[in-house]
Amino acid sequence: MKYSILFSLIVMLMGCGPADKDIYTLSEIKKICSPTDPIFDPRPDFNLVFTIGVDDSIYVLNINQLHKLYKRGYVNKYKKFYDFAYEALNQRIKVDFKKSTIVYDYKRRFKLMPYITILYNQEGLEGLIDRFCKYDEKRGFYFLQLKTDIHMYASTISYYFFLNRYYTLESDDQFGVSYTNIDKW
């Protein structure tokens, strides 16, 4: 009994795991992963996606890095890159980043911040938007309002935007992080 309560608390705090239903459809995955899409940008800080690693860290990658990972460790398991991306971006598999010989290729990894996860579980994405974001009506983007005391929470907030079908665009420190809903493409 004690262990099941502890396990339930850990699952609640994590707020992630293999998805019960799809976050993104296969056609949306193809759009996200397409280098011909007008929103695609080859720079490493743009076109960010999130996947869970076998170490239970959340990895932040761009599409090029995800494709390299597929080529180095998953090409024999998934016939097409889109099939691998579909599983990874819908949080259905835990990706083994050790299968890649060049681990430093990956942008960053992080563990979910418990404070943000609890807030998300209680108030949903709207709670995060109310506390940490500003909406730019002209562009149709949410911008993360970074303050020094919440800077360490930016990755966890971005992950929850991703799980709610928001495409994350990240630029340099001057512009911060912005999000647009995938349905607005």
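Bear in mind the structure is a predicted one, so any value in this text is a computation, not a measurement. (Residues numbered from 1 in each chain as written. Predicted model: local features only at pLDDT ≥ 70, side-chain atom pairs only at ≥ 80, totals over all residues. Heavy atoms only, no water.)

**Structural notes on helix α3 (residues 63–73)**
Then comes step 1: Where α3 is concerned, the buried positions are I63, Q65, L66, L69 and Y70. One side of α3 carries all its buried residues, which in axial view fall inside an arc of 165°.
Then comes step 2: A distance of 3.0 Å separates the backbone nitrogen of N64 from a side-chain oxygen at the start of α3, and that oxygen is part of N62. (Buried < 20%, exposed > 50% of the residue type's maximum accessible area, 1.4 Å probe, protein only. Helix = DSSP H or I, 4+ residues; strand = E, 2+ residues; numbered from the N terminus. Arc of directions from axis to C-beta. Polar contact = N/O pair within 3.5 Å; in protein donor to acceptor, adjacent residues only side chain to side chain.)

**As for the side chain of Q91**
Then comes step 1: Tracing the sequence through the fold places Q91 in the loop between α4 (81–89) and β3 (94–95).
Then comes step 2: Within the local environment of Q91, its side chain forms a polar contact with the backbone oxygen of L89, the two atoms lying 3.1 Å apart.

**Re the confidence of the model for the protein chain**
Then comes step 1: Model confidence for the protein chain is summarised by a mean pLDDT of 78, while 70% of its residues fall at 70 or above.
Then comes step 2: Considering each helix and strand of the protein chain separately, the mean pLDDT is smallest for helix α1 (residues 2–14), with a value of 39, and largest for helix α5 (residues 114–132), with 96.
Then comes step 3: The low-confidence segment residues 1–19 (pLDDT under 50) makes 23 contacts with residues lying over four places distant or belonging to another chain. (pLDDT = per-residue confidence, 0-100. Contact = heavy atoms within 4.5 Å.)

**A closer look at the packing of α3 against α4**
Then comes step 1: As a packed pair, α3 and α4 sit with axes 10 Å apart at the nearest point and diverge in direction by 110°. As judged from the angle between their axes, α3 and α4 are roughly perpendicular. Where α3 crosses over α4, the two elements pack in a sense that is right-handed. In this structure, α3 uses I63, L66, H67, L69 and Y70 to contact α4, whose residues at the interface are F81, F84, A85 and L89.
Then comes step 2: Looking at side-chain class alone, the contact of α3 with α4 contains eight nonpolar, one polar and no charged residues. (Axes fitted to C-alpha atoms, helices over the stretch in contact; angles between N-to-C directions. Parallel < 35°, antiparallel > 145°, perpendicular 65-115°, else oblique. Left-handed = near helix turned anticlockwise from the far one by under 90°. Nonpolar A, V, L, I, M, F, W, Y, C, P; charged D, E, K, R; others polar.)

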